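Descriptive analysis of the structure
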Amino acid sequence: MLRFSLSELLQLLKNFCFSFSGKMLEKILILLCLTSAAAGQLCKPDASDGYKVRLSIKTALGDQAYLWDEKEMFLFRSTMAYAMRGQLNQQFDVSNIIVCEETARVSFWFVVTSPLNTSNLVDKKSVEEAVRKHRNRINSAFLLTDETLEFEGIPRTLEAPFTPDTPPWLIVFGVVMGAVVAGIIVFIGFSVVQKKRKKNKKTPEDEDSEEEESRGKTMENGAANEGVYNMSFTDEERFTRI
Amino acid sequence: MRFVLANPGLDNRIPSYKDLERTEEEAGDRPKWDNKAQYILTCVGFCIGIGNVWRFPYLCQSHGGGAFIILYLILLVLEGMPLLLLEFAIGQRLRKGSVGVWRSINPYLTGIGIGSMLVSLLIGLYYNTLIAWIMWYLFNSFQNPLPWSQCPLNDNGTGFVPECQRSSTMDYYFYRVTLNSSTSIAESGGIHWPIVVCLLAAWTVICICYIRGISTSGKAVYVTAILPYIVLTIFLIRGLTLKGALSGIIYLFTPDINELTKPTTWLDAGAQVFYAFSLAWGGLISFSSYNPIHNNCMQDAMILTAITGFTSIFSAVVTYTVIGFRATENYDSCISDNILTLLNAFDLPEDSITTSNYEAAFHHLNSSNPDIVFGLGIKPCDMQKLLSEGVEGTGLAFIVFTEAIMEMPGSPAWSVLFFVMLFCLGISTLFGNIEGVVVPLKDLKMLPKKWPQEAITGVTCFIAFIISLLFAQHSGIYWVTLFDNFAGSVPLLTIGFFEMIAVVYIYGIDRFNEDMKFMIGYKPSIFWQVSWRFTSPLVVLVILVFYLVTQSQEELTYLVWDPKSDQFPSLASVPYPSWINLIIFILAGIPSLTVPAYALCRLVFVYFKKTNN
């Protein structure tokens, strides 16, 4: 968008208007002077009811960045008018959004005039609320985000981090612990079963060996008194029992 | 040197060669390895631990890169390998766990075994807490976006919680959400239940893996020892394709020869070699005792040394590709932020300052409007500083690496892979640890003999879980650091030194050489003789003395996470309270002093018995 100062505007008009009648020209000139003067007074940097806007189009869109020209500015003004309509329920128009101090950064100041009385500005609070309510729509009109379309002084409404109902770590923990506890039970059960099997195998053999031992002992004790006891027949009896 | 102390009755206490050949043919009660691969994998898993990923790369980079690696490899061969072979051979020959071996050599030396057991217990307690933290991060990696990528909102909803805003999302997640750390070791602040839950998980996993001794843990190592290598390779490939990886690797390997002249470099290298091999824990002796009698332990020692050296360097490379990537990302965003600040302040069009002409533009603006530029408070972006940030210990794994993983596409998958790798590294070390605790308990007959292996493992794990609730407090991280610094340093060096003296001068180096000849078929070469008699004990003694001297000269301080301190978000350095000296004595003094204390007690006991008779 081309930057015009008051004097340049007047010069252009003068050059353009030679063909028109003098009175008509004067009226138009005076009207233009008044509006631009009025606008100049209402919109200035660090205005009490104004906001600075900063766009970072190339950062956001890279190769697909669009050029910021007066069409985009018109879109901005109409989007702001839309937001103000939503906030205050009054018939805001594009002309109620006044923009000034545009820079090559793509940053500018804007103020909002009331549709009921164009010399009064809408207060800062209402503008802020309007912007916050419609932030998403304003952003998406320009394909930008909260960081790349900044309204200086209006904090972002932050999204709470997404917390699922059951914490996922509890699920994984449950799976792991379930597997481990099941494994422990299986191992312990296995070893108990194995021990029982070993016990059952041992019991008939145990009785044999115990009897042999006790007989051996009685033989030792009795050998001094009774003589040699013939073990062979009784041993065979024991073995055939199996 | 033929100097050997008198050791009567040695032949009665140890199995003779005939006994050994006989037990070899019979099937014994003693557990055995299913195959050689199981034994090697268990030892590799034991030696390669979390320290290889988060301690060695930091030491390497801070002590002169390439020069340190050469020094490390030299010390690995001169100091580590002889000690390793010593432990392997003595375990294989005497076929007992750590207490049994030293008791066989001389009953007065049982203190070495008891010291090993105490050290293994103390280290196991805090090591498993690290594994519990790793499990917490692992469990929380199964979601997108990762929970440490966002700050929670404050009460108004207008901004983030200030503690998170001032530091970073990863710091906040680690120190506040995971640990809820208090501001000093004295403030216990109660138990933080997520850590209790993770500790329970960690101890039950260890319990089930070791439930039948090496017959179950030997199967588990097929996964826990091999998986880290697979994951490291995946990370290497991923890391090398990331932007800025090469700057990290160059930073790691840039040699600084001047560092070799500093004694601290040698000290750190020697200590790292000692800890890398998990010597003096007692686990290696135990593991070797399950080997067949004619197993070639010399070959095993050399294989293990080579694998350890290779893995240390490999993991250092992987770690530094990721660190280089993170530093480059942070540097780029720092430059972008500065560019944006300048553009906004001077209302220049967006493309006027890019990363390539930033320096020139900055100088131009600074010379034309110095006061405005000064008022903006632009911080200079320093790549070297970013590369050297927080690259050691828990800071590396839980803050630097998690930040880097957040920047990679598909971050939950990478996070899961990374923490699974750390988990496997930790748990395979813990197998050796628990072996070094359970087997001495059995040898010392402190548990009833009738109890099956399952019950012994279960009871040990349960009691250890109860004790490790100490680390579930809000001050838990400071206790972990305390244990790491004191239980895992001086006692190991002391016990290692005593081990060497015991084998070389009390058991007798000649007898030891004969045993080696019997087991592997030839006598060890002159290199081993010199190392066992002079080099290794000397190196360990020097490191121990230097360490004690430097520790006693420094004031004992530790780092705390204190949002109210001036250095926040950096950790503040705070002196320890006075009662910590008692704790340090318990951690470091008692295991080191068990060797002379036990010998003394036994001397007194025997003397009284003699006088009574």
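Going by the annotation in an unreviewed UniProt entry, the name recorded for chain A is Collectrin, amino acid transport regulator, with Labrus bergylta given as the source organism. Turning to chain A, the UniProt annotation filed under Subcellular location (unreviewed entry) states: "Cell membrane".

Let us look at the interface of chain A and chain B. With 31 residues of chain A at the contact, the number on the chain B side is 33 residues. Between chain A and chain B, the buried area comes to about 2800 Å², and carbon and sulfur atoms account for 69% of it. The tally of links from chain A across to chain B stands at 2 salt bridges. Residue Asp351 of chain B is joined to Lys58 of chain A by a salt bridge in which the shortest nitrogen-to-oxygen separation is 3.9 Å. Run the count over chain A and chain B and you get 8 residue pairs in polar contact (both at pLDDT 80 or more).

Now for the state of the cysteines. Residue and element names in this part refer to chain B. A complete count under the given rule lists 2 disulfides over all chains for this structure. Once the disulfide-bonded cysteines of chain B are ranked by sequence position, their pairing pattern turns out to be 1-2, 3-4. Cysteine Cys43 remains unbridged, with the sulfur of Cys47 as its closest cysteine sulfur at 6.4 Å. Counting only cysteine sulfurs, Cys424 is the nearest neighbor of Cys198, a cysteine outside any disulfide, at a range of 16 Å.

Turning next to the packing of aromatic side chains. Evaluated as defined, the whole model comprises 54 aromatic pairs over all chains. Ring centres of Trp148 of chain B and Phe419 of chain B lie 6.3 Å apart, and the angle between their planes is 75°; this geometry places the pair in the edge-to-face category. Residue Trp148 of chain B is located in the loop between α8 (110-139) and α9 (162-166), and its partner Phe419 of chain B is located in helix α22 (residues 411-443); the two are separated by 271 residues in the primary sequence. Taken individually, Trp148 of chain B and Phe419 of chain B each receive the classification buried, so the pair is uniform in this respect. The ring centre of Tyr51 of chain A lies 5.0 Å from the NZ or CZ of Lys124 of chain A, which sits over that ring. Lying over the aromatic face of Tyr108 of chain B, Arg602 of chain B brings its terminal NZ or CZ to 5.4 Å of the ring centre.

Attention now moves to a positive patch on the surface. Positive charge collects at one region of the surface, where Arg30, Lys96, Arg103, Lys442, Lys445 and Lys449 of chain B lie side by side. Mapping Lys445 of chain B onto the fold places it in the loop between α22 and α23 (453-467).

Below, the discussion takes up the confidence of the model for chain B. When pLDDT is averaged along chain B, the result is 88; 99% of the residues meet or exceed 70. The ipTM value of the predicted complex is 0.76, and its pTM value is 0.84.

Residue and element names in this part refer to chain B. Interhelical geometry of α8 versus helix α11 (residues 193-209) gives an angle of 110° and a closest axis separation of 8 Å. If you check the angle between α8 and α11, you find them roughly perpendicular. Two packed elements cross with a definite hand, and for α8 against α11 that hand is right-handed. Between α8 and α11, the contacting residues are Gly124, Leu125, Asn128, Thr129, Ile131, Ala132, Trp133, Met135 and Trp136 on the first element and Pro194, Ile195, Cys198, Leu199, Ala201, Ala202, Trp203 and Val205 on the second. Among the residues making up the contact of α8 with α11, the classes are represented as 14 nonpolar, 3 polar and no charged.

The next thing to look at is the domain arrangement of chain A. Examined at the domain level, chain A breaks down into domain 1 (31-151) and domain 2 (162-202). Distance between the C-alpha centres of domain 1 of chain A and domain 2 of chain A: 65 Å.

Okay, the UniProt feature "transmembrane region" (unreviewed entry) in chain A next. In the numbering used here, UniProt assigns the "transmembrane region" (unreviewed entry) feature to residues 169-193 of chain A. For residues 169-193 of chain A, helix accounts for 100% and strand for 0%, while the C-alpha atoms at its two ends are 36 Å apart.

The next subject is the sheet that holds strand β2 (residues 97-100) of chain A. Residue and element names in this part refer to chain A. An order of β2-β3-β1-β4 is seen for the 4 strands of this open sheet, with the pairing classed as antiparallel. Looking at which strands have only one partner, the edges of the open sheet turn out to be β2 and β4 (149-152). Strand-to-strand twist in this sheet, taken as the mean axis angle between neighbours without regard to direction, amounts to 30°. Where β2 and strand β3 (residues 107-112) come together, 4 bridges link them in antiparallel fashion. The residue of β3 that forms the bridge with Cys100 is Trp109. Helix α5 (residues 124-133) contacts β1 (51-55), β3 and β4 of the sheet and is inclined by roughly 30° relative to β1.

What the rule picks out here adds up to 17 salt bridges over all chains. In this structure, Asp11 of chain B and Arg511 of chain B form a salt bridge, with 3.0 Å as the shortest nitrogen-oxygen distance. Placement of the pair is Asp11 of chain B in helix α1 (residues 10-13) and Arg511 of chain B in helix α25 (residues 490-520), with a sequence separation of 500 residues. Each of the salt bridges in this network shares a partner with another, and the network as a whole consists of Arg54, Glu150 and Glu152 of chain A.

Among the 8 residues of helix α7 (residues 98-105) of chain B, 7 are classified as buried, and the element is accordingly described as predominantly covered. On its buried side, α7 of chain B packs onto α1, α6 (66-94), α8, α16 (283-289), α22 and α25 of chain B.

This next bit is on the confidence of the model for chain A. Counting all residues, the mean pLDDT for chain A is 74, and 67% of those residues have values of 70 or more. Note that pLDDT drops below 50 for residues 231-242 of chain A; the model gives that stretch 9 contacts with residues more than four away or on any other chain.

As a further point, take the nonpolar core. The biggest cluster of nonpolar side chains holds 203 residues, and the ones touching the most others in it are Phe398, Leu422, Leu482 and Phe512 of chain B. Within the second largest apolar cluster, 28 residues are counted, among which are Val53, Ile57, Leu61 and Phe76 of chain A.

A word on the packing of α11 of chain B against α23 of chain B. All names here are of chain B. Running from N to C, α11 and α23 point in directions that differ by 160°, and their axes come no closer than 10 Å. With respect to α23, the element α11 is oriented roughly antiparallel. As α11 runs across α23, the sense of the crossing is right-handed. Seen from α11, the contacting residues are Val196, Leu199, Leu200, Trp203, Ile206 and Cys207; seen from α23, they are Thr457, Gly458, Cys461, Ala464 and Phe465. Of the residues in the contact of α11 with α23, the class split is 9 nonpolar, 2 polar and no charged.

Cut-offs used in this document
Residues numbered from 1 in each chain as written. Chains lettered and ligands numbered in written order. Predicted model: local features only at pLDDT ≥ 70, side-chain atom pairs only at ≥ 80, totals over all residues. Heavy atoms only, no water. UniProt positions renumbered as here; feature names shortened; annotations may be inferred. Contact = heavy atoms within 4.5 Å. Buried area = accessible area lost by both parts, 1.4 Å probe. Salt bridge = Lys/Arg side-chain N within 4 Å of Asp/Glu carboxyl O. Polar contact = N/O pair within 3.5 Å; in protein donor to acceptor, adjacent residues only side chain to side chain. Disulfide = S-S within 2.5 Å. Phe/Tyr/Trp six-rings, centres within 6.5 Å; stacked < 30°, edge-to-face > 60°. Helix = DSSP H or I, 4+ residues; strand = E, 2+ residues; numbered from the N terminus. Buried < 20%, exposed > 50% of the residue type's maximum accessible area, 1.4 Å probe, protein only. Lys NZ or Arg CZ within 6 Å of the ring centre and 35° of its normal. Patch = residues over 30% accessible without salt bridge, like charges linked within 9 Å, V, L, I, M, F, W, Y side chains within 5 Å. Areas by Shrake-Rupley, 256 points an atom, 1.4 Å probe, with all protein chains shown as cover. Lys, Arg positive; Asp, Glu negative; His and termini not counted. Charge placed at Lys NZ, Arg CZ, Asp CG, Glu CD. pLDDT = per-residue confidence, 0-100. Axes fitted to C-alpha atoms, helices over the stretch in contact; angles between N-to-C directions. Parallel < 35°, antiparallel > 145°, perpendicular 65-115°, else oblique. Left-handed = near helix turned anticlockwise from the far one by under 90°. Nonpolar A, V, L, I, M, F, W, Y, C, P; charged D, E, K, R; others polar. Domains from an automatic or database assignment. Pairing = 2+ DSSP bridges. Core = buried A, V, L, I, M, F, W, Y, C linked by side-chain atoms within 4.5 Å.

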